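So the chains spell out like this:
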Amino acid sequence: MARPRKPASLKAGKSETKEQLAAREKIEKQLLGNTDKVKKVPKHLDELAQFYYEYLVNELEISGLLSNLDIPVLEQTADSLSKIRDCDKHLNEEGLVITRIDRYGHENQVENPYVRIKMNYLNQFRSLANQLGLSPSSRAALAGKQMKAKQEAEDPVLQIIRGDSGKKSKAK
């Protein structure tokens, strides 16, 4: 399966020209959608999932990539983290192996079902985290792009070229 495309704002311009990236970034910003509802914590999530939702939104809003379209992914990510924590609680109390009595009355040592449940939620979280750009490589790319944009914004030569040197030009 091919890797998902990175947003144009995270690309360094190796596979596409700067013009192509700028055009793609403009289109992506148009497709981003509204951001007015993303900060509202969904009430149908349990208390811990609500905490995770708020945490994720607060941490990700700095990137400027979140929109209302991301709400379902954020909800599922927060819910997965909550369920993983719940499984951890049960595993700490009961252990990885539990005793089950079969239909003949024999005691058997079996894997705690919470191990499998936790693994399923971990896999779901990995997939969702990848969609949200929560991996270290995604964050590093975003940080690098933000640093480059800041340097370009502060570069006096580029400011003069763009005509935003801070002085207002007089129109004739």
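Here, the structure is the one placed above.
Attention in this report is confined to the structure presented alongside it. (Residues numbered from 1 in each chain as written. Predicted model: local features only at pLDDT ≥ 70, side-chain atom pairs only at ≥ 80, totals over all residues. Heavy atoms only, no water.)

### Brief notes about the pattern of salt bridges
Going through the model one piece at a time under the given rule, you end up with four salt bridges. The shortest N-O distance in the salt bridge between lysine 39 and glutamate 61 comes to 3.3 Å. A residue pair is termed long-range when its members are at least 10 positions apart, and lysine 39 in the loop between helix H1 (18-32) and helix H2 (47-60) and glutamate 61 in the loop between H2 and helix H3 (71-94) qualify at 22 residues. Taking the relative accessible area as the measure of exposure, lysine 39 reaches 49% and is therefore partly exposed. Glutamate 61 sits in the partly exposed class, given a relative accessible area of 40%. (Salt bridge = Lys/Arg side-chain N within 4 Å of Asp/Glu carboxyl O. Helix = DSSP H or I, 4+ residues; strand = E, 2+ residues; numbered from the N terminus. Buried < 20%, exposed > 50% of the residue type's maximum accessible area, 1.4 Å probe, protein only.)

### Comments concerning H3
For an α-helix, the turn length of 3.6 residues means that residues three or four places apart are oriented alike. Compared with an ideal rise of 1.5 Å per residue, which puts 24 residues at 34 Å, H3 spans 34 Å between its outermost C-alpha atoms and is within 8% of the ideal. Of the residues flanking the end of H3, it is glycine 95, one or two places downstream, whose phi is positive at about 90°. (Expected span 1.5 Å × (residues − 1).)

### Quick look at the environment of asparagine 34
Take asparagine 34: it is sitting in the loop between H1 and H2. Sequence spacing of asparagine 34 and asparagine 68 is 34 residues, and the spatial spacing of their C-alpha atoms is 5.8 Å. Excluding residues that lie within four positions of it along the chain, asparagine 34 makes contacts with Ser67 and Asn68. (Contact = heavy atoms within 4.5 Å.)

### A short note on the environment of glutamate 75
In this structure, glutamate 75 sits in helix H3. Each C-alpha atom of the pair glutamate 75 and histidine 44 lies 9.6 Å from the other, and the pair is 31 residues apart in sequence. Not counting chain neighbours up to four residues away, the residues in contact with glutamate 75 comprise Pro42, His44, Leu45 and Tyr53.

### Examining the nonpolar core
Nonpolar side chains in soluble globular proteins tend to end up buried together. With 19 residues, the main nonpolar core has Tyr53, Leu60, Leu66, Leu74, Ala78, Leu132 and Leu134 as its most contacted residues. For this core, the element with the highest residue contribution is H2, accounting for six residues. (Core = buried A, V, L, I, M, F, W, Y, C linked by side-chain atoms within 4.5 Å.)

### Let's talk about the packing of H3 against helix H4 (residues 113-132)
Remark: H3 packs on H4, axes separated minimally by 9 Å, with the N-to-C direction vectors making an angle of 150°. Considered as vectors, H3 and H4 are oriented roughly antiparallel to each other. The interaxial crossing formed by H3 with H4 has left-handed handedness. For the contact of H3 with H4, a count of residues per class yields 14 nonpolar, six polar and four charged. (Axes fitted to C-alpha atoms, helices over the stretch in contact; angles between N-to-C directions. Parallel < 35°, antiparallel > 145°, perpendicular 65-115°, else oblique. Left-handed = near helix turned anticlockwise from the far one by under 90°. Nonpolar A, V, L, I, M, F, W, Y, C, P; charged D, E, K, R; others polar.)

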